[in-house]
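An overview of the molecular structure
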Amino acid sequence: MERKIQLMETYVNIELGNSPFLKLDKGLQIPYSSIKGITTGRPIPNAFKVYGALLREMRNGLFRAKGSYQLHFFENELKTLHLDLNNFQVGKFKISKLIIGVENPEEISKNISERVK
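Residues numbered from 1 in each chain as written. Predicted model: local features only at pLDDT ≥ 70, side-chain atom pairs only at ≥ 80, totals over all residues. Heavy atoms only, no water.

Section: the sheet that holds strand 1 (residues 4-7)
Note on sheets: strands pair through backbone hydrogen bonds, and any given pair is parallel or antiparallel. The test is simple: The pairing criterion is simple: DSSP has to find at least two bridges between the two strands. A run of H or I in DSSP becomes a helix once it reaches four residues, and a run of E becomes a strand once it reaches two; helices and strands are each numbered from the N terminus. The axes are straight lines fitted to the C-alpha atoms, using for helices just the contacting stretch, and the angles between their N-to-C directions are given from 0 to 180°.
Strand order in the open sheet formed by three strands is 1-2-3, with antiparallel pairing between adjacent strands. Each having just a single partner strand, strand 1 and strand 3 (28-31) make up the two edges of the open sheet. Between one strand axis and the next, the sheet turns through 20° on average, direction left out of account. Note that strand 2 (residues 11-15) and strand 3 share four bridges and pair antiparallel. Across the sheet, residue N13 finds its bridge partner in strand 3, namely Q29.

A word on the sheet that holds strand 7 (residues 68-74)
Put simply, the rule is: The criterion used for residue contact is that any of the two residues' heavy atoms lie within 4.5 Å.
With mixed pairing, six strands are arranged side by side in an open sheet as 4-8-9-7-6-5. Strands with a single pairing partner mark the edges of an open sheet, and in this sheet they are strand 4 (35-40) and strand 5 (48-55). Taking the axes of each pair of neighbouring strands and ignoring which way they run, one obtains an average angle of 20° across the sheet. Sheet topology places strand 5 next to strand 6 (residues 58-65); seven bridges connect them, and they run antiparallel. Considered in strand 6, the bridge of A53 is made with N60. The strands touched by helix 1 (residues 105-113) are strand 4 and strand 8 (80-90); relative to strand 4, the strand with the most contacts, the crossing angle is about 160°.

Points about unusual backbone geometry
This is how the line gets drawn: Buried, partly exposed and exposed residues are distinguished by accessible area as a fraction of the type maximum, computed with a 1.4 Å probe on protein chains only: under 20%, between the cut-offs, and over 50%, respectively.
Of note, the amide linkage connecting R42 to P43 takes the cis form, showing an omega dihedral of 0°. Examined against the element boundaries, P43 turns out to sit in the loop between strand 4 and strand 5. Within the chain, N87 stands out as a residue other than glycine whose phi angle is a positive 50°. In this fold, N87 is placed in strand 8. For N87, a relative accessible area of 45% corresponds to the partly exposed category.

A closer look at the nonpolar core
General note: in soluble globular proteins, nonpolar side chains tend to be found buried as a group. We count it as follows: In this text, buried Ala, Val, Leu, Ile, Met, Phe, Trp, Tyr and Cys residues form a nonpolar core when linked through side-chain atoms within 4.5 Å.
Of all hydrophobic cores here, the largest spans 23 residues; its most connected members are I14, L28, I30, I35, L81, L83 and L98. Broken down by secondary-structure element, the contributors of at least two residues to this core are strand 2, strand 3, strand 4, strand 7, strand 8, strand 9 (93-101) and helix 1. The greatest single-element share of this core, amounting to five residues, is contributed by strand 8.

A closer look at a nonpolar patch on the surface
Here is the rule: Two joining distances apply to patches: 9 Å for like charges and 5 Å for nonpolar side chains (Val, Leu, Ile, Met, Phe, Trp, Tyr), and every residue must have over 30% relative accessible area and no salt bridge. Accessible surface is estimated by sampling points in the Shrake-Rupley manner with a 1.4 Å probe; for residues, cover comes only from the protein chains shown. We define a salt bridge as a side-chain nitrogen of Lys or Arg found within 4 Å of a carboxyl oxygen belonging to Asp or Glu.
A cluster of nonpolar side chains, namely F48, V50 and Y51, defines an oily patch on the protein surface of about 330 Å² accessible area. If you trace the backbone, V50 turns up in strand 5.

Thoughts on the side chain of E77
For the record, the criterion: We define a polar contact as two N or O atoms separated by no more than 3.5 Å, with the added condition that, inside protein, one atom must be a possible hydrogen donor and the other a possible acceptor, whereas residues neighbouring each other in sequence contribute only through side-chain atom pairs.
Checked against the element boundaries, E77 lands in the loop between strand 7 and strand 8. Within polar-contact distance, the side chain of E77 engages the side chain of R42 at 2.8 Å. Residue contacts for E77: discarding those within four places in its chain leaves G41, R42, I44 and E57.

If you want it as structure tokens, here you go:
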């Protein structure tokens, strides 16, 4: 699944491609001020699937873990970027974490970290 991350002046623009499970056609625009922390790779939290797909290592959709909602979009746990969010609103859900599969998670993490205050 093709995903694209663009670092804008005040936010991160994340295009998720065609997500068949959630209506995120316009992607996500996450202000840097909403990002509390950034990590990469493992561990992936144990999570209950609320809506979407969970097949072996692949996750795509809305999940619930430790009492909060999370968005997971990845096929390979090792190539993931984790954004800890300050209750970022997506539809009717407040999202505490976004885990997204990308080719170069360490480089993207470094670039975002430079902009997060």
